[in-house]
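# Overview (structure and organization)
Each chain, letter by letter, is given below.
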Amino acid sequence: MDDLLKTLTHDYYGSPTGSTTAALNASRLFIVSGPLAGRSFELGARPLTIGRRAGCTIHLPASNVSKLHCTIACPTSRSYALRDEGSTNGTLVNDRRVTPGAWHELAQGDKIRIGETILFLVDPRPALEGAAEVETIQIDRAAAISEAEKAIRGCGTDLRDITHRSPPR
């Protein structure tokens, strides 16, 4: 899991050399599986909503995702938190179901599962506080691909069925 997180972080932020402090301080959610795999969303002061409803910040058009599934916000300047909005199928953080309606504090590298979608939180802010130097991160694309394949296998879908199917005409 650490290799996947390093891959995501390095692929997005790149080498810290020549980067601006603002870019390094930006926290993001990286989607590694599901309908939006490969995308990322910046976290900021405004709450981020995730759900099937078209007005959500992260719109996940899947039947196992509630219209308003969960919210991620930064109620303090120090950490992000997730609240399951009473979703039908629940929200998992690090493979543990969160209590609906209660805020669950998130930390750097947390894995969030909503239906078939897996997201990772990359929050470089705590590591940068008081740090004079930012560590260079090595990427491991094979770990990211392996994690996505495990997630899809867990849903009972054979990747060959998806990749070898002809597109509709």
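## Describing the overall build of the protein
Helix and strand content of the protein: five helices and 11 strands. When the accessible area of the protein is evaluated, it comes to approximately 9800 Å², of which 49% is carbon and sulfur surface.

## As for unusual backbone geometry
Phi is positive for N94, which is not a glycine, with a value near 50°. With respect to the secondary-structure elements, N94 resides in the loop between strand 7 (92–93) and strand 8 (96–97). With a relative accessible area of 38%, N94 lands in the partly exposed category. Located in the positive-phi region is D95, a residue other than glycine, with phi close to 65°. Checked against the element boundaries, D95 lands in the loop between strand 7 and strand 8. Looking at D95, the relative accessible area reads 52%, which means it is exposed.

## Regarding the sheet that holds strand 7
Taken in spatial order, the six strands make up an open sheet running 2-1-11-10-7-8, and their pairing is antiparallel. Edge positions in the sheet fall to strand 2 (40–43) and strand 8, since each has one partner strand and no second.

## Brief notes about the environment of L106
Within the fold, L106 resides in the loop between strand 9 (103–105) and strand 10 (111–114). Judged by relative accessible area, L106 falls into the buried class, the value being 4%. Each C-alpha atom, one on L106 and one on L82, is 6.8 Å from the other, the two residues being 24 residues apart in sequence.

## Things to note about the sheet that holds strand 5 (residues 70–73)
Across the sheet, five strands lie side by side as 4-3-5-6-9; this open sheet has mixed pairing. Strands at the two margins of the open sheet, each flanked by one partner only, are strand 4 (58–59) and strand 9. The sheet contact formed by strand 3 (residues 48–51) and strand 4 spans two bridges and is parallel. Looking at strand 4, one finds that G51 is bridged to H59.

## Here we look at the pairing of strand 5
Residue alternation in strand 5 divides its side chains into two sets, C70 and I72 and T71 and A73, and both sets are buried. Where strand 3 lies against strand 5, three bridges are found, and the strand directions are antiparallel. Residue pairing across strands places L48 opposite I72, the latter belonging to strand 5. When strand 5 meets strand 6 (residues 81–84), the two strands line up antiparallel, connected through four bridges. The residue bridging C70 from the neighbouring strand is D84, located in strand 6.

## Things to note about the side chain of D123
Position of D123 relative to the elements: it lies in the loop between strand 11 (117–122) and helix 3 (125–128). Given the relative accessible area of 6%, D123 is considered buried. Residues contacting D123, with those up to four places away along its chain left out, are S27, Y80 and Q108.

## Focus: the nonpolar core
Membership of the largest hydrophobic core comes to 22 residues, with the highest contact counts inside it found for L29, I50, I58, I72 and I112. When residues of this core are traced back to their parent elements, those giving at least two are strand 1 (27–33), strand 2, strand 3, strand 5, strand 10 and strand 11. The contact partners of I58, leaving out residues within four places of it in the chain, are L29, I31, L36, F41, L48, T49, I50, G51 and L119.

## Considering the pattern of salt bridges
When the charged atoms of two side chains with opposite charge come close together, those side chains can pair. Under the definition given, this model contains three salt bridges. Note that R83 is salt-bridged to E85, the shortest N-O span being 3.0 Å. Residue class for E85 comes out partly exposed when judged on its relative accessible area of 27%. A salt bridge links D95 to K111; its shortest N-O distance comes to 3.4 Å. Of this pair, D95 sits in the loop between strand 7 and strand 8 while K111 sits in strand 10, and the two are 16 residues apart along the sequence. Residue classification places K111 among the buried positions, given a relative accessible area of 10%.

Definitions and cut-offs
- Residues numbered from 1 in each chain as written.
- Predicted model: local features only at pLDDT ≥ 70, side-chain atom pairs only at ≥ 80, totals over all residues.
- Heavy atoms only, no water.
- Helix = DSSP H or I, 4+ residues; strand = E, 2+ residues; numbered from the N terminus.
- Areas by Shrake-Rupley, 256 points an atom, 1.4 Å probe, with all protein chains shown as cover.
- Buried < 20%, exposed > 50% of the residue type's maximum accessible area, 1.4 Å probe, protein only.
- Pairing = 2+ DSSP bridges.
- Contact = heavy atoms within 4.5 Å.
- Core = buried A, V, L, I, M, F, W, Y, C linked by side-chain atoms within 4.5 Å.
- Salt bridge = Lys/Arg side-chain N within 4 Å of Asp/Glu carboxyl O.

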